[in-house]
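Residue-level structural notes
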Amino acid sequence: MDALLEGLNAAQRSAVTSPASVLQVLAPPGSGKTKTLTARVAYLINHERLQPWNIVVCTFTIKAAREMKERIRGFVGDGIEAKLILGTFHSVARRFLIRYGQEIGIDKNFGIADTTDSKAIIKRIITRHQYTIDPSQARSRISGLKARGTTAEQFAATSKKADQHEFMSIYTEYEDTLRACNQLDYDDLLLRCTELLQKHPACVSTIQAVLIDEYQDTNNVQYELMTLMAQWMKRITIVGDPDQSIYSFRAAEIKNLLRMRSDYPDSIVINLEMNYRSSDCILRSAMAVIEQDQGRLNKEMRSTHGFGERPTLRHLATNQVEAQWIVEEICRSKTLTAGLLGFNDFAILVRSASLSLSIERALGKAGIPYRMVGGRRFFDRAEIKIVLDYLRVINQPEHNDALTRIINVPTRKIGEVTVKALLEEAETKKITLWNLILGCARGKPPQTKISPQAQRGLDTFVNLILTSRRKLIPEDGEECHLLDLISHVLQKISFQNYLRVTHKDNWEDRWANVEELVAQATQMVSITDGYADSDDVLPEVEGVEQRKDTSADTLSKFLANVALSTEMERPDGEKPEQVTISTIHAAKGLEWPIVFIPAVYDGSIPHSRAEDHDEERRLLYVGMTRAQALLYMSCPAKQSAQDETTLSKFLTPKKVQDLLMLQGPSFKSDLVQDLSRILRRPCPSTIDFNKAQGLVERIEDDWYPLSRKEIDGEEGSWGASYDRDDGSKNAFKRRKVETS
Ligand code: ATP
Ligand code: MG
């Protein structure tokens, strides 16, 4: 049989080879939807002879895009997968806009305003008018309207309420500012691409198939985009699972599943029922949670693995104790399975990023390496932001926000008051701040009074940007090397020295981050990671003007990559042997042998601010179904200074409770054999189960602070001891916690 179809079950195979033009694969987690979608892409290339650039594939995250590419490469041969139009909706839209956007008046050099940029613009508008609206709220409201395709004008026309006046003027002014700075925000990428494809269908005349993963989380604009991209051949494959819809806050419309059936009455639905990911017991407990949702269709789901170990539900005293317990369980299961598990087999999935703090601390103290997904972005670190802002200004001097942030960093004796006055003057004159200071450096003084010192500072700054821009677009036609450009800037602003002076205690770490950025800059534009491919893949089409990728675009491509790497993901290459900490949202589509879900109490999940508890339940369901072999959930009786907590209502029904155990797995030989089967890894033969059992008994003892002697004797234990902040050693053993 074709290697492509090997390792697929009958239902998956029929989906991969289906001649149907519109195909919906709806199936529960772990049933191989993503695997099937990937195989279908390869099938279209190998068997139906589609060219990779005839195929659009939309994934939900950059990580997913990268993984999918790797899998496809295995089937179609090296290099072919790079020519696919594959990435997140946003990155696919960006590629169309770069290539053909001038048809609708989009300047090729457009920048992408990320969430931070958008918020900064809105904040400035609010401050200027002394409005009372919260900037974050205004931003998400604007984004919500845009995601639904409602423009400021349309909103103004429909909303007559007087109290909407403030919001409306913010929305309008925000849009004007983006336009003036030649920026598109995330929503614009999708909206403008929709506009492009509506007005110039020729842009997609070569697209012969559109495939979409995690379809349940597409919103109206994305649906529109999908339809438009497929408007010629009407060949669409979507895979998804309504039970995993967790993005309604981004206006994902589950209705789009039904809409698709009425828009494409010939569409064929294929269900997959076998679950290849999780043990039967994990699956059953997840099902018991999701079945509490009255409004859903009941679906069959069977595990291909044995019953496995019951998921653990542990009650603990505080979130610190909880964090410590997680650390111990990680070390314990690693020790007791004698090399079967590595740190990268563990994931800790949290409802909100803020919950990870105590866990990070505990992991850090125990010396366990971890990586954060969905936390603070690498690109949001102060020192990185400064460098990026320089690059933004060099790329696009009209980027007022970036310019304002760095004009006096490192200090050039241009005071805050002066900057503010200059900004206001520029706004009054309706020119960009850059044009104002450029004139100023060229002997056209502004109205704002500037001290001679500040004037010298401005001159230096303008000079730096101008020389850097010359490097960017070299006159002799040579290529711009991003690396040279960044080095030039870092050297001109003596950045290392600046960090050394401003951050005496940790300037080395910060400088290391900058070096990491430089390494990434060179990597990002060359590797094929889902969005960094050449935009030239999109073909030339008659009647539509297109732009060529030139060397000067390297910088804007890099900056776009930075902007499109969402808060959800870290771009830095994954290092092996790290525990993953992630939000549940960002864990969508992924799997780990062992998963912890801490803080399962009411107020955390369901979240206290969440209105839609069905969606919160689905979120827990997504979290639970990430686990392959072992699932741990825990509920601290106290979360920080907060009141007493109560167990999440999603876990209280008897049907769920019956499937859970309270103490955690005991790692007897059966379990280890089970684990090795599920993970398809050879069972370690060297485990001394008696010794292991001894360890287990010791750990089942009460928690109590250890004496100095005991601590010394504890060496090489599983990380239960750590240094206290005051420098003294502190260690605990387990204390039994009352479970009700
Ligand atoms: P989710 O809804 O969580 O995104 P999914 O339906 O996309 O899940 P996949 O990630 O494609 O599921 O597959 C889950 C796991 O099962 C993967 O490890 C995959 O390799 C494996 N798998 C899928 N189908 C098969 C099969 N026919 N034989 C063996 N393993 C399979
Ligand atoms: Mg998937």
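Residues numbered from 1 in each chain as written. Chains lettered and ligands numbered in written order. Predicted model: local features only at pLDDT ≥ 70, side-chain atom pairs only at ≥ 80, totals over all residues.

Description of the nonpolar core
Core analysis: the largest hydrophobic core is formed by 106 residues, its most contacted members being Val210 and Met229. Those residues within four positions of Val210 in sequence are excluded, and the remaining contacts are Val56, Met226, Met229, Ala230, Arg235 and Ile236. Ala286, Ala288, Ile597 and Ala599 belong to the second-largest nonpolar core, a separate cluster that totals 65 residues. (Core = buried A, V, L, I, M, F, W, Y, C linked by C-beta atoms within 7 Å. Buried ≥ 20, exposed ≤ 12 C-beta atoms within 10 Å, placed from the backbone. Contact = placed C-beta atoms within 7 Å.)

Let's talk about the site of ligand 1
Taken together, 18 residues surround ligand 1, and among them Gly32, Lys33, Thr34, Lys35 and Tyr276 come closest. For the shell around ligand 1, the element with the most residues is helix α2 (residues 33-46), which contributes three residues. Residue classes in the shell around ligand 1 are distributed as four nonpolar, nine polar and five charged. (Near = placed C-beta within 6 Å. Helix = DSSP H or I, 4+ residues; strand = E, 2+ residues; numbered from the N terminus. Nonpolar A, V, L, I, M, F, W, Y, C, P; charged D, E, K, R; others polar.)

Quick notes on the sheet that holds strand β3 (residues 85-88)
Spatially, six strands are ordered β3-β2-β6-β7-β1-β8 in an open sheet, and the strand pairing comes out parallel. A single partner strand is all that each edge strand has here, and the edge strands are β3 and β8 (268-271). Taking each pair of neighbouring strands and ignoring which way they run, the sheet shows an average axis angle of 15°. (Pairing = 2+ DSSP bridges. Axes fitted to C-alpha atoms, helices over the stretch in contact; angles between N-to-C directions.)

Thoughts on the domain arrangement of the protein
Split by domain assignment, the protein resolves into domain 1 (2-110 + 188-276), domain 2 (112-181) and domain 3 (378-538). On a C-alpha basis, the centroid separation for the pair domain 1 and domain 3 is 37 Å. (Domains from an automatic or database assignment.)

Let's talk about the UniProt feature "binding site: ATP" (unreviewed entry) in the protein
Using the residue numbers shown here, the UniProt feature "binding site: ATP" (unreviewed entry) corresponds to Ala27, Pro28, Pro29, Gly30, Ser31, Gly32, Lys33 and Thr34. Note that Pro29 resides in the loop between β1 (22-26) and α2. You can call Pro29 buried: it has 23 C-beta atoms within 10 Å. Positionally, Gly30 belongs in the loop between β1 and α2. When near neighbours in sequence (up to four residues on either side) are disregarded, Gly30 contacts Asn275, Tyr276, Arg277, Ser278 and Thr625. (UniProt positions renumbered as here; feature names shortened; annotations may be inferred.)

A few points about unusual backbone geometry
Negative phi is the rule for most residues except glycine; trans is the rule for most peptide bonds. Here Val409 and Pro410 are connected by a cis peptide whose omega angle stands at -10°. Tracing the chain through its elements places Pro410 in the loop between α16 (400-406) and α17 (416-429). That bond from Ile605 to Pro606 is cis: its omega, 0°, falls within 30 degrees of zero. Mapped onto the fold, Pro606 is located in the loop between β15 (592-597) and α24 (613-624). A positive phi angle, near 60°, is found at Arg49, a position not held by glycine. Residue classification places Arg49 among the exposed positions, given that 8 C-beta atoms sit within 10 Å.

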